[in-house]
Amino acid sequence: MLPVERQSKILEWLRREGHLKVSDLSRRLNVSEMTVHRDIRVLVQQGRVLKTYGGISLVQPSTEETGRDAATACSLCRRPVNDRLAMTLTGAGGQIETFCCAHCGVLRFLHRRDEAGDLLGRDFLLGHTVGARTAWYVFDSEIHVPCCEPQLLLFGEREHAERFVRGFGGTVLPFDAAAEELQRRMNPASHCTHCRRPT
Ligand SMILES: [Zn+2]
Ligand SMILES: [Zn+2]
C-alpha cells in the first residue's frame, strides 16, 4: 500500500472509530510502528489528525458541525488549539469560534470586523484571559512557539510586553497596529512598500 493509501485508510477508520492506537494501526496495516508514525506525522502536519496519548484522533471538521469537540481545532487554520495561546471570538449571533493562537484570532477578527463581538486571548506570561482589543502584541520575539507565522504573543499589560521584549527581543504593538502589521506581512503585495498603506 502506498503512504497516501494508508493515510486515507487511517482517516476512514478514525471517522468511524474516533480514536486509534499506533500499535493497532501497525497491525491492521501490516507495517511497522515507525511507518505508522511517519503516516501520522503527515496527517498531523495537514491538521487533520491530533496526537493523543498512545494514539491519534480526528481533528473535527468545523466549529458549526461539531459542537462539543469544536475546541480541538482552530476555526481558521484547523491546527490543534494550543491552550496557552488560544483565542476565542464571539460572533454577533453568539456563536463562538476558537483559534490556535493570536495570529488566527486577529486575522479572523479582521475578516469579520463588522459582525465580530468579543475577542478574547490568553496573556502569554500570566495565562489568564484578557480582552484582545486592549491587549499588547509582540512580533519577532526570539521565543518561538510552534504555531502560525508570523507569530504574535499577547500580553494584557503593556509593561509586561515591554519587559518581555527587553529580555527576548521583538516589537510591541497595540491591537490595531498589530492587526495592520499582520495583514501587511500576510499579503505584502497589497501594501505600499514605502508608506505601508494599502494600495
Ligand atoms: Zn489557527
Ligand atoms: Zn496558530
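## Side note on unusual backbone geometry
Now for step 1: Between Glu149 and the following residue, Pro150, the backbone shows a cis peptide bond with an omega angle of -10°.
Now for step 2: Locating Pro150 in the fold gives a position in the loop between strand E8 (136-139) and strand E9 (153-155).
Now for step 3: In this model, Asn30 sits at a positive phi of 60°, which is unusual for a non-glycine residue.
Now for step 4: If you trace the backbone, Asn30 turns up in the loop between helix H2 (22-29) and helix H3 (33-45).
Now for step 5: Accessibility expressed as a C-beta count within 10 Å gives 9 for Asn30, which makes it exposed.
Now for step 6: Although it is not a glycine, Asp140 sits at a positive phi angle of roughly 60°.
Now for step 7: By secondary structure assignment, the location of Asp140 is in the loop between E8 and E9.
Now for step 8: Take Asp140: there are 14 C-beta atoms within 10 Å of it, and that puts it in the partly exposed class.

## Describing the confidence of the model for the protein
Now for step 1: Residues of the protein with pLDDT of at least 70 account for 88%, and the chain-wide mean is 86.
Now for step 2: The least confident element of the protein, judged by mean pLDDT, is helix H4 (residues 63-66) at 44; the most confident is strand E10 (residues 171-174) at 98.
Now for step 3: This model gives residues 62-71 a pLDDT under 50, and the stretch forms 10 contacts once residues within four places in sequence are excluded.

## Considering the sheet that holds strand E2 (residues 49-52)
By definition, the strands of a sheet pair up through backbone hydrogen bonds, in either a parallel or an antiparallel sense.
Now for step 1: Strand order across the open sheet formed by 3 strands is E1-E3-E2, with antiparallel pairing between neighbours. Edge positions in the sheet fall to strand E1 (19-21) and E2, since each has one partner strand and no second. Across this sheet, the average inter-strand angle for adjacent strands is 25°, counted without regard to direction.
Now for step 2: Pairing of E2 with strand E3 (residues 55-58), which is carried by 4 bridges, proceeds in the antiparallel orientation. Bridging from a neighbouring strand, Leu50 pairs with Ser57 of E3.
Now for step 3: Its contacts with the sheet place H3 against E2 and E3, and it is angled at close to 125° to E2.

## Focus: the sheet that holds E10
Now for step 1: In spatial order, the strands read E9-E8-E10; together these 3 strands make up an open sheet with antiparallel pairing. Of all the strands in the sheet, the pair left with one neighbour each is E9 and E10. Each neighbouring strand pair of the sheet contributes to a mean axis angle of 30°, computed without reference to strand direction.
Now for step 2: Both E8 and E9 contribute to a ladder of 3 bridges, which runs antiparallel. Bridged to Tyr137 within E9 is Leu154.

## Concerning the pairing of E3
Now for step 1: Burial of the side chains of E3 is restricted to one face: Ile56 and Leu58 are buried, whereas none of Gly55 and Ser57 on the reverse face is.
Now for step 2: Taking the residues that link successive antiparallel strands as the turn, the E2-E3 hairpin has 2 residues, and the phi of Gly54 there is positive, at about 75°.

## Comments concerning the nonpolar core
Now for step 1: Core analysis: the largest hydrophobic core is formed by 48 residues, its most contacted members being Cys100, Cys101, Tyr137, Leu154 and Phe155.
Now for step 2: Shared between two domains, this core takes at least three residues from each, and those domains are domain 1 (3-58) and domain 2 (66-190).
Now for step 3: When neighbours within four sequence positions are excluded, Tyr137 is seen to be in contact with Ala102, Leu152, Leu153, Leu154, Leu173, Phe175 and Ala178.

## Considering the environment of Ser26
Now for step 1: Mapped onto the elements of the fold, Ser26 is located in helix H2.
Now for step 2: Taking the C-alpha atoms as reference points, Ser26 and His37, 11 residues apart in sequence, are found 9.2 Å from one another.
Now for step 3: Setting aside its immediate chain neighbours within four residues, Ser26 contacts Val31, Ser32, Glu33 and Val36.

## Considerations on helix H1 (residues 3-17)
Now for step 1: A rise of 1.5 Å per residue sets the reference length of H1, with its 15 residues, at 21 Å; its end C-alpha atoms lie 21 Å apart and thus fit the reference within 8%.
Now for step 2: Burial in H1 covers these residues: Arg6, Ile10 and Leu14. The buried residues of H1 all sit within an arc of 75° when viewed along its axis, so they share a single face. In H1, those exposed residues whose orientation departs by more than 90 degrees from the buried face are Val4, Glu5, Glu12, Arg15 and Arg16.
Now for step 3: For H1, the elements touching its buried residues are E1, H2, H3, E2 and E3.
Now for step 4: Taken from the residues just after H1, Gly18 is the one with a positive phi, measuring 80°.

Analysis parameters
Residues numbered from 1 in each chain as written. Chains lettered and ligands numbered in written order. Predicted model: local features only at pLDDT ≥ 70, side-chain atom pairs only at ≥ 80, totals over all residues. Helix = DSSP H or I, 4+ residues; strand = E, 2+ residues; numbered from the N terminus. Buried ≥ 20, exposed ≤ 12 C-beta atoms within 10 Å, placed from the backbone. pLDDT = per-residue confidence, 0-100. Contact = placed C-beta atoms within 7 Å. Pairing = 2+ DSSP bridges. Axes fitted to C-alpha atoms, helices over the stretch in contact; angles between N-to-C directions. Core = buried A, V, L, I, M, F, W, Y, C linked by C-beta atoms within 7 Å. Domains from an automatic or database assignment. Expected span 1.5 Å × (residues − 1). Arc of directions from axis to C-beta.

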